[in-house]
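Examination of the molecular architecture
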Amino acid sequence: MRDPYSVLGVAKTASEKEIKSAFRKLAKSYHPDANSSDPKAAARFNEANQAYEILGDKDKRAQYDRGEIDGEGKPKFQGFSGGGNPFGAGGSPFGGGAGRGGFDFRGPRGGPADAAPESMFSDFFEQAFGGRRAGPQPGAGGGFAGARSAASKGEDLKATLKVRLEDVISDEKVEAVFPSGKRLAIALPAGVEDGQVIRLKGQGQPSPFDGGPAGDALVTIVFVPHARFRVEGRDLLVDAPVPLREAVLGGKVTVETLDGRIALSIPPWTNSGKTFRLKGKGLTKKGGARGDILVSTRIMLPEEDRDLEAFLRERAEREPAAG
């Protein structure tokens, strides 16, 4: 994984707004629906998602900047700081003793080497790396214990979940299917965005070691293009046909929303392109509120209305031609 800042094309001093804007541009450019025949685009799309998962999270970004996690969000093994031999001129942390390295490999109470328990080495390394061994440390992130925990974690699972705009406003769960065949029913969070990655802790592959933590499930959300609506932030844009009679005299027209039909009042002498706002009928926002639907009118002429045609011809004959 490359440096997340380089992936998004932003400086390390970039603001949250700049990072979010850069991610949206990349997600739009390399969206799977717009580049179905370009495998490289899909890779760039996933790379941008991974980068935004780090930099779009305040805590993870701070951890990355401190060098505690890598570009995939995995803990880094810190090791020894500085160069040279950390154990001094003797080249051994164990001091003088039997054996070539200065350490006599014996088990407890002077027993044979093969009787030495694993904890014997864990104790030393945890002390040498700054770890603490006062019993099990759930979630320990530093020293040898943290590195060992990271190494024992199961692999993450990844899937792309295509959702309808109707799913975004619904309380119903949607099902994500992973390449392994695993299926997970998930609830979309309020304010979920196109291209957002949802992390499901502990839903990945089991750890290869007994007692180790399972990996996570990473679900990339992709909005399915809608037949009527265009998405603009949390608002929806839609065109509404208005018959000529209602445009001139006023009246009501039916508008389809994600929640059902609404009768929209049209005032007299409404021109094409006039926009009406239906409040609270758009996509969900963080916190539970919803955006709006912006309805743009499109005046529709009647089909072969002979009376209207005759009226307009008569009026045209009475009035001088323009210009």
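Shown above is the structure to which this text applies.
Since the model is a prediction, treat every value here as computed from it, not as a measurement.

Quick notes on the overall build of the chain
The secondary structure content of the chain amounts to nine helices and 11 strands. Evaluated residue by residue, the chain yields a buried proportion of 32% over its 323 residues. Within the chain, counting contacts between residues at least 6 apart in sequence, those at least 24 apart form 49% of the total. For the chain, the exposed area adds up to about 20,400 Å²; of that, 51% sits on carbon and sulfur atoms.

A short note on the packing of aromatic side chains
Counted by the stated rule, this structure contains two aromatic pairs. Each ring, one from Y5 and one from Y64, has its centre 6.2 Å from the other, and the planes form 45°; the classification is tilted. Placement of the pair is Y5 in helix α1 (residues 4-8) and Y64 in helix α4 (residues 58-65), with a sequence separation of 59 residues. For the pair shown, Y5 and Y64 are each scored as buried. Look at F23 and Y52: their rings are 4.3 Å apart centre to centre, the planes differ by 5°, and that puts the pair in the stacked class. Residue F23 is located in helix α2 (residues 16-29), and its partner Y52 is located in helix α3 (residues 39-55); the two are separated by 29 residues in the primary sequence. The side chain of K274 reaches across the aromatic face of F276, ending 5.5 Å from its centre.

With respect to the pattern of salt bridges
Per the stated rule, a full pass over the model turns up 23 salt bridges. R44 serves as the salt-bridge partner of E47, at 3.7 Å between the closest nitrogen and oxygen. Taken together, the positions of E47 and R44, both in helix α3 and three residues apart, correspond to about one turn of that helix. One salt bridge in this structure joins E314 and R318, with 3.4 Å as the shortest N-O distance. Of this pair, E314 and R318 both sit in helix α9 (residues 306-318), separated by four residues, roughly a single helical turn. Residue R318 is classed as exposed on the basis of its relative accessible area of 58%. Among the charged side chains, a network of salt bridges with common partners joins E53, K60, K153, D156, R199, K201 and D216.

Regarding the packing of α2 against α3
Packing of α2 against α3 brings their axes to within 9 Å, and their N-to-C directions diverge by 165°. Viewed along their axes, α2 and α3 adopt a mutual orientation that is roughly antiparallel. Helix-helix and strand crossings are classified by hand; for α2 and α3 the assignment is left-handed. Residue-level contacts link I19, K20, F23, L26 and A27 of α2 to R44, F45, A48, N49, Y52 and L55 of α3.

Observations regarding the layout of surface pockets
Quantified by volume, the second largest pocket comes out at close to 640 Å³. Lining the second largest pocket are 20 residues, with K28, H31, D194, F223 and V231 sitting closest to its centre. A total of four residues in the lining of the second largest pocket trace back to one element, the largest contributor, which is α2. When grouped by side-chain class, the residues that make up the lining of the second largest pocket number nine nonpolar, three polar and eight charged.

Considerations on the pairing of strand β9 (residues 260-266)
Bridge analysis of strand β8 (residues 251-257) against β9 gives seven bridges, and the strand direction is antiparallel. Bridge assignment links G251 to a residue of β9, and that residue is I266. Here β8 folds back onto β9 in antiparallel fashion, the turn holding two residues.

Points about the packing of α3 against α4
Relative to each other, α3 and α4 sit at 95°, their axes nearing to 6 Å. It follows from the interaxial angle that α3 and α4 lie roughly perpendicular. Along the contact surface, α3 presents E53, I54 and L55, while α4 presents K60, R61 and Y64. Residue composition of the contact of α3 with α4, by class: three nonpolar, no polar and three charged.

Some thoughts on the nonpolar core
Counting residues in each nonpolar core, the largest one holds 35 residues, and the members touching the most others are L161, V163, F178, I221, L264, L283 and V295. In this structure F178 touches L157, K158, A159, L184, A217, L218 and V219, once residues within four positions along its chain are discounted. By size, the runner-up hydrophobic cluster in this structure holds 18 residues, among which are Y5, F45, I54 and Y64.

Considerations on the sheet that holds strand β1 (residues 157-163)
With respect to topology, three strands assemble into an open sheet ordered β1-β5-β4, the strand pairing being mixed. Of all strands in the sheet, those bounded by a partner on one side alone are β1 and β4 (197-200). For this sheet, the mean angle separating the axes of adjacent strands, direction not counted, is 25°. One ladder, built from seven bridges, connects β1 with strand β5 (residues 217-223); its direction is parallel. Counted as the bridge partner of K162 is V222 from β5. Strands in contact with α3 are β1, β4 and β5; relative to β5, the strand with the most contacts, it is inclined by about 115°.

Analysis parameters
- Residues numbered from 1 in each chain as written.
- Predicted model: local features only at pLDDT ≥ 70, side-chain atom pairs only at ≥ 80, totals over all residues.
- Heavy atoms only, no water.
- Helix = DSSP H or I, 4+ residues; strand = E, 2+ residues; numbered from the N terminus.
- Buried < 20%, exposed > 50% of the residue type's maximum accessible area, 1.4 Å probe, protein only.
- Contact = heavy atoms within 4.5 Å.
- Areas by Shrake-Rupley, 256 points an atom, 1.4 Å probe, with all protein chains shown as cover.
- Phe/Tyr/Trp six-rings, centres within 6.5 Å; stacked < 30°, edge-to-face > 60°.
- Lys NZ or Arg CZ within 6 Å of the ring centre and 35° of its normal.
- Salt bridge = Lys/Arg side-chain N within 4 Å of Asp/Glu carboxyl O.
- Axes fitted to C-alpha atoms, helices over the stretch in contact; angles between N-to-C directions.
- Parallel < 35°, antiparallel > 145°, perpendicular 65-115°, else oblique.
- Left-handed = near helix turned anticlockwise from the far one by under 90°.
- 1 Å grid on protein atoms, 1.4 Å probe; cavity = no way out; pocket = protein on both sides within 12 Å on 5 of 7 lines; lining within 4 Å.
- Points joined across faces, edges and corners; volume = space filled by probe spheres on them.
- Nonpolar A, V, L, I, M, F, W, Y, C, P; charged D, E, K, R; others polar.
- Pairing = 2+ DSSP bridges.
- Core = buried A, V, L, I, M, F, W, Y, C linked by side-chain atoms within 4.5 Å.

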